Number of protein chains: 4
Amino acid sequence: MARQMKTFVMKNIGETGVMEKPVPEDPGPTGAIVRTTAALVCTSDTHTVKGAIGERENITLGHEAVGVVESVGSEVSVAQPGDRVAVNAITPCYTCENCLRGYTSQCQQMLGGWKFANIKDGVFAEYFHVNNAEANLAPIPDSVPDESAVYTTDMMSTGFMGAEHANIPIGGSAAVFAQGPVGLMATVGAKLRGAGLIIAVESVPKRQELARHFGADEVVDFTKEDPVERIRDLTGGDGVDSAIEALGAQVTFEAAIRAVRPGGTVSVAGYFGEGEYVKIPREDWGVGMSDKVIRTGLCPGGRERMGRLLRLIENGRVDPTPMTTHTFGFDDIEKAFELMDSKEDGVIKPLVTF
Amino acid sequence: MARQMKTFVMKNIGETGVMEKPVPEDPGPTGAIVRTTAALVCTSDTHTVKGAIGERENITLGHEAVGVVESVGSEVSVAQPGDRVAVNAITPCYTCENCLRGYTSQCQQMLGGWKFANIKDGVFAEYFHVNNAEANLAPIPDSVPDESAVYTTDMMSTGFMGAEHANIPIGGSAAVFAQGPVGLMATVGAKLRGAGLIIAVESVPKRQELARHFGADEVVDFTKEDPVERIRDLTGGDGVDSAIEALGAQVTFEAAIRAVRPGGTVSVAGYFGEGEYVKIPREDWGVGMSDKVIRTGLCPGGRERMGRLLRLIENGRVDPTPMTTHTFGFDDIEKAFELMDSKEDGVIKPLVTF
Amino acid sequence: MARQMKTFVMKNIGETGVMEKPVPEDPGPTGAIVRTTAALVCTSDTHTVKGAIGERENITLGHEAVGVVESVGSEVSVAQPGDRVAVNAITPCYTCENCLRGYTSQCQQMLGGWKFANIKDGVFAEYFHVNNAEANLAPIPDSVPDESAVYTTDMMSTGFMGAEHANIPIGGSAAVFAQGPVGLMATVGAKLRGAGLIIAVESVPKRQELARHFGADEVVDFTKEDPVERIRDLTGGDGVDSAIEALGAQVTFEAAIRAVRPGGTVSVAGYFGEGEYVKIPREDWGVGMSDKVIRTGLCPGGRERMGRLLRLIENGRVDPTPMTTHTFGFDDIEKAFELMDSKEDGVIKPLVTF
Amino acid sequence: MARQMKTFVMKNIGETGVMEKPVPEDPGPTGAIVRTTAALVCTSDTHTVKGAIGERENITLGHEAVGVVESVGSEVSVAQPGDRVAVNAITPCYTCENCLRGYTSQCQQMLGGWKFANIKDGVFAEYFHVNNAEANLAPIPDSVPDESAVYTTDMMSTGFMGAEHANIPIGGSAAVFAQGPVGLMATVGAKLRGAGLIIAVESVPKRQELARHFGADEVVDFTKEDPVERIRDLTGGDGVDSAIEALGAQVTFEAAIRAVRPGGTVSVAGYFGEGEYVKIPREDWGVGMSDKVIRTGLCPGGRERMGRLLRLIENGRVDPTPMTTHTFGFDDIEKAFELMDSKEDGVIKPLVTF
């Protein structure tokens, strides 16, 4: 009889639970099996359970994890059993048309690089399967602990992408809207790309404090002042070179368009969960002629990028662990999940250890 | 007493007329005076008169013209009296902060490179003044007649910009929404950038015919079929690499977002004249994570670019004159203007000769 | 006993011959077997035999071929037995670090994407094996015959790359040094990217004629005049925006650096076969401060790009077949090879049919 | 009689001296006069005197200075008399063809943006004239002292350009060859662009120490080990993503080509003063097919960029003053010049105060 393992699943819309599943034993020729050692709960896990991506039945949740390789397929040489590895939330095939075009997060179809807890079982389990392992397993340097490395799987990759897409000139100005974990990592990303002025928009004191810790020069509390006016004041009336939207809401998107100067870029790192439309304010968009650019993206994966993110931790450029506000054993994952859903107790990210 | 000249002006919102004004005599140290020889009427002239950019009093209309240099300032060496020149609709200063950033059409402020018939008198006059002439006067090669060269001042520059911003890969697929003069030149631009499949969306037969003449492989009549579905069919279900919006309307903008594949670019070349918002369809935008890019822009100017556009005519790559459906003498400019406003008689562009 | 097939091999440096080898029968999980239908001989095949890449023993030659799929591995879904396919000369894995960085022609190591007739048997055989078939098999549209499609596997991809890397502005000026098959396709590429002035440098009359046929506005015979001076004359003394080196020789490389204007790009599409160094003329390079850029590259592969190249043929943008000066049956491949080596009889490309 | 001022000039090749010249009084319509308050001596000043750019007679030396505006022309509004300003070493016109193309350092001709102490009097004088002042005067924030601000005029702009041109991916690896003042600022630039591993190549202990201070993770002493082998070792055998050449010598250029991985960029920030050719090692360049890129450039100017560089000082991102090893009054400028020429006493940069 197959070995069994514990998993944390979405039973169906609105319902989660712990369930036993067989340990995955066959990596297939191009895959790998990883034994989980640390994971993070993501707000999008809670969206998924509420039905954001439609019905799923008994799918294992979770997409942010590191672990130890258990087995690899015949075509995989990049890692061997026993190696510590980080696996990005997005695991593209790298051979479909969208991947070949360079849009690997859109593997096979729009958002199709997102496979964990979407089209296959996720990582909230004692073991998980990794497709296209040669490209998707990233060895973790010895000096980088799991609890740091696990942030490369989504928060650092997504937040930094927000900054990379924002086209920040060296010494330029950037505004980051919302300072949840993606926004905080976008703040770090803006600093890493050489922004000379970083303005974080956030009202929660703990997040404001972290924003300053991670590099914000100014923090604007939108409950106390109009953030667009404040940003214009801080930039001599011009607006910022680059704005990063890290919430996925009409109010921040609209403010980002208004706050960016002509020729500037609005980089979207948020997930827009509601409404038929996301609306561009026409006049602040220069009636379609302002040279403003709106970019979007989804957590870029692949071991080469992962290696660069891990190097930033290894060489002391970035320490993401101040975002870990809570830690749970895997036995208590339901509590971690509920906490992320309720956003109580000042939670930024709950770490789950195995 | 000052010499007088005839001009065609916007008296105030809703009212146009012919009026006498003094001939501009002093170019200033960095300017030039040009004697007009040919001009085109633009739909945006008709928008201006209806109040799209607010009230103006007795401002000379027109921003698409070529002519002969009458005089130049002390700091100008690029052209001399007697030289035939084309002057782009957009005449930036090239020394303000936005110009130095490379966003010359946003000179000094959003859309601020647009000076003719906006913040200074335009070109529907026997003479007109050109600011920052060293950068804004483009000598016309002998072999290029005025009636061709005049298209470089807006239609070719704007339409080609639509294609240049669209990030079309060599052999890639592009859809151009609307085939008015800007859309037709965007179709030419897509061909010039190496698109392997160009799909024009248009319902007016004369414009459909010109679209094919200028390089469209397929023409989709949106009154007869859903253009997004048709575009998907023509691209194996994927959508196009690049979509160019050349109308400035919600319906075409929205279709462009839907028609473009993940990672593709929507390039806006239209002027959005109405509504508080322009709306992005959230799901087809991949909830903000599709790697789709939305770019905007305003007719790039400057004599270096103008030189390249003129060269494309000179060397037989482009002949824009099939767009000239009507020709009027300057005495009949009111008729030309009315025709452009009514869009009757199959008008594409009315040429005005002096 | 294994089925046998005929192959044309490099026995060792300086020696070629026909030999029987077993038909490849096992595609492996990610590979495919293709039955060859048409192939082209490339000058680099002759270089290989002369020892340019070192010793090889009984390796099947050839890297430009189309054919019909015979079998595919378990992980391959993009093509099925019986499908007509083109396979690029470069067949990357798409999962190594260099591939993940986007430099797929440098798969695993410098130039490592080049596998046919280098690290595995090539295509001058009745059947050949394709690694990483999901990414490397490109279905051929029904309307594109083999003798056209086969040009996408190297000449079109390499020549166009020369133009794509050259950063040609729309309406800009480009010089293409040498009009062998790669240079001719670079000329086509420059036209496809919207160059307004294309200057081809070539002395052989047949190649000069083809250069004009494929889009050159001017042809400069370097045996009769100094090409750099002539290029400067043709560009008002400035030099060209972009220069494409399509020979791989000191003389053309040096001329390209001299002929390009400050800020311009020299795009290398040639193979530099000789010498310890390739030399940059220091002063014409602006003592390292001219903003001139030197790019290099190797025939980009992958079915997405191949699809775009095939579309350019399908939609009538490009017809490469005027380059086919000679046609041979596979039984006469030695004659084809000798002709390519001797460059006699005005040969551009010899086509081999199966 | 005209007011006289003291200047430090190149009398002719090989000879310098102090001389009196009339104070410039007329800025011209687009210029400005600046009273000098601080300046830096540059190694290129010493090259100029030795004849690197040919004969000059009694030209005032110096191109790195800040000061106070004395007067401005009628067309200048960006600064007023009494304003503290920094003026970049490069002062383009912004309206010639090369400027309009975006290559402002190549103003009018190759390297033509370099006007101070080249085609007009430089800044080693009590007053100096600034052409095209609207674009070239950068107001200095109150909180930034002259002795910091003066580094933006060349060292920071040139060194950072080295990093900006190097296409460093976030978390990527960069090697900087030579740690003179430009190299040190390239090291800072690499850190500002998010490099995850910075390797400085330098043998002088004081410069090694500053390299570490400014962000180098590793310092390689080329007198003790082969720098290319060491760089490969530090990058798992791959070579670096980006190499910055900050010396202008064959040995470092060649090492940079060898040290960069396929697809990587060699960014040249040095001035190559000798030899007819600069030589590319052919095999390490992948015989012209390695996707390696060689970029060049010359200190980008303009007040918008200067504003960003000043902001980096203002907001505490960069403090260049540790490079000031010596300070002299203007009366002692000959000593400062001689020190820079001899490179004695551990000099990095000598500051001259007025």
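Worth saying up front: this structure is predicted, and the values here are computed from it rather than measured.

Let's talk about the sheet that holds strand β1 (residues 4-12) of chain C
Residues and elements named next belong to chain C.
- Taken together, the 3 strands give an open sheet; going across it, the order is β2-β1-β4, and neighbouring strands pair in antiparallel fashion. Two strands in the sheet have a free side with no partner beyond their single neighbour: β2 (15-22) and β4 (59-60).
- With 8 bridges connecting them, β1 and β2 associate as antiparallel partners. Residue T7 lies in a different strand from β2, and its bridge partner there is M19.

Here's the deal with the sheet that holds strand β2 (residues 15-22) of chain D
- Here 3 strands make up an open sheet; going across it, the order is β2-β1-β4 (chain D) and the pairing antiparallel. Each end of this open sheet is capped by a strand with a single partner; those strands are β2 and β4 (59-60) of chain D.

Side note on the pairing of strand β7 (residues 127-130) of chain A
Residues and elements named next belong to chain A.
- Of the two faces of β7, the one carrying Y127 and H129 and the one carrying F128 and V130 are both buried.
- Looking at chain direction, strand β3 (residues 32-40) and β7 are connected through 4 bridges and run antiparallel. Across the sheet, residue I33 finds its bridge partner in β7, namely H129.

Some remarks on the interface of chain B and chain D
- Taken together, the contact pairs 15 residues of chain B with 15 residues of chain D.
- Of all the elements in the fold, those that place two or more residues in the side of chain B that touches chain D are α2 (97-100), α3 (133-136) and α10 (303-314) of chain B.
- Taken together, the residues that form the side of chain B that touches chain D break down as 4 nonpolar, 5 polar and 6 charged.

A short note on the interface of chain B and chain A
- On the chain A side, the residues contacting the 37 residues of chain B number 37 residues.
- Elements with a minimum of two residues in the side of chain B that touches chain A: β13 (260-268), β14 (277-281) and β15 (293-295) of chain B.
- A per-element tally of the side of chain B that touches chain A places β14(B) first, with 5 residues.

Remarks on the relation of the copies chain B and chain D
- In the superposition of chain B on chain D (RMSD 0.0 Å, axial shift 0.0 Å), the rotation amounts to 180°. Taken together, the rotation and translation describe the operation of a two-fold axis. Nearest to the rotation axis, the C-alpha of Y94(B) is located 3.1 Å from it, this being the minimum over chain B.
- Mapped onto chain D, 100% of the interface residues of chain B again fall at the interface, so both copies present the same surface.

As for the pairing of strand β12 (residues 240-245) of chain D
All names here are of chain D.
- Burial of β12 is extensive: 6 of the 6 residues sit out of reach of the surface.
- Pairing of β12 with strand β13 (residues 260-268) involves 5 bridges; the strand directions are parallel. Within β13, the residue paired with S242 across the bridge is T265.

Quick look at unusual backbone geometry
All names here are of chain B.
- Phi is positive for N132, which is not a glycine, with a value near 45°.
- Positionally, N132 belongs in the loop between β7 (127-130) and α3.
- Positive phi, normally seen in glycine, also occurs at V287, with a value near 45°.

What about the packing of helix α5 (residues 155-164) of chain B against helix α6 (residues 181-192) of chain B?
All names here are of chain B.
- As a packed pair, α5 and α6 sit with axes 7 Å apart at the nearest point and diverge in direction by 50°. On the basis of their axis angle, the class for α5 and α6 is oblique. Classified by chirality, the crossing of α6 by α5 is right-handed. Residues M155, M156, T158, G159, F160, G162, A163 and E164 of α5 lie in contact with α6, whose contacting residues are P181, V182, G183, L184, M185, A186, V188, G189, A190 and L192.
- Residues belonging to the contact of α5 with α6 are distributed by class as follows: 12 nonpolar, 5 polar and 1 charged.

Examining the relation of the copies chain B and chain A
- Superposition record for chain B on chain A: RMSD 0.0 Å, screw rotation 180°, translation along axis 0.0 Å.
- Comparing interface residues between copies, 100% of those in chain B also sit at the interface in chain A, which points to an isologous, same-surface contact.

Focus: helix α1 (residues 43-50) of chain D
Residue and element names in this part refer to chain D.
- All of the buried residues along α1 are S44, D45, T48 and V49. Viewed along the axis of α1, the buried residues span an arc of 150°, placing them on a single side of the element.
- If you follow the buried residues of α1, they end up packed against β1 (4-12), β2 and α11 (333-342).

Calculation criteria
- Residues numbered from 1 in each chain as written.
- Chains lettered and ligands numbered in written order.
- Predicted model: local features only at pLDDT ≥ 70, side-chain atom pairs only at ≥ 80, totals over all residues.
- Pairing = 2+ DSSP bridges.
- Helix = DSSP H or I, 4+ residues; strand = E, 2+ residues; numbered from the N terminus.
- Buried ≥ 20, exposed ≤ 12 C-beta atoms within 10 Å, placed from the backbone.
- Contact = placed C-beta atoms within 7 Å.
- Nonpolar A, V, L, I, M, F, W, Y, C, P; charged D, E, K, R; others polar.
- Least-squares fit on C-alpha atoms with pLDDT ≥ 70 in both.
- Axes fitted to C-alpha atoms, helices over the stretch in contact; angles between N-to-C directions.
- Parallel < 35°, antiparallel > 145°, perpendicular 65-115°, else oblique.
- Left-handed = near helix turned anticlockwise from the far one by under 90°.
- Arc of directions from axis to C-beta.

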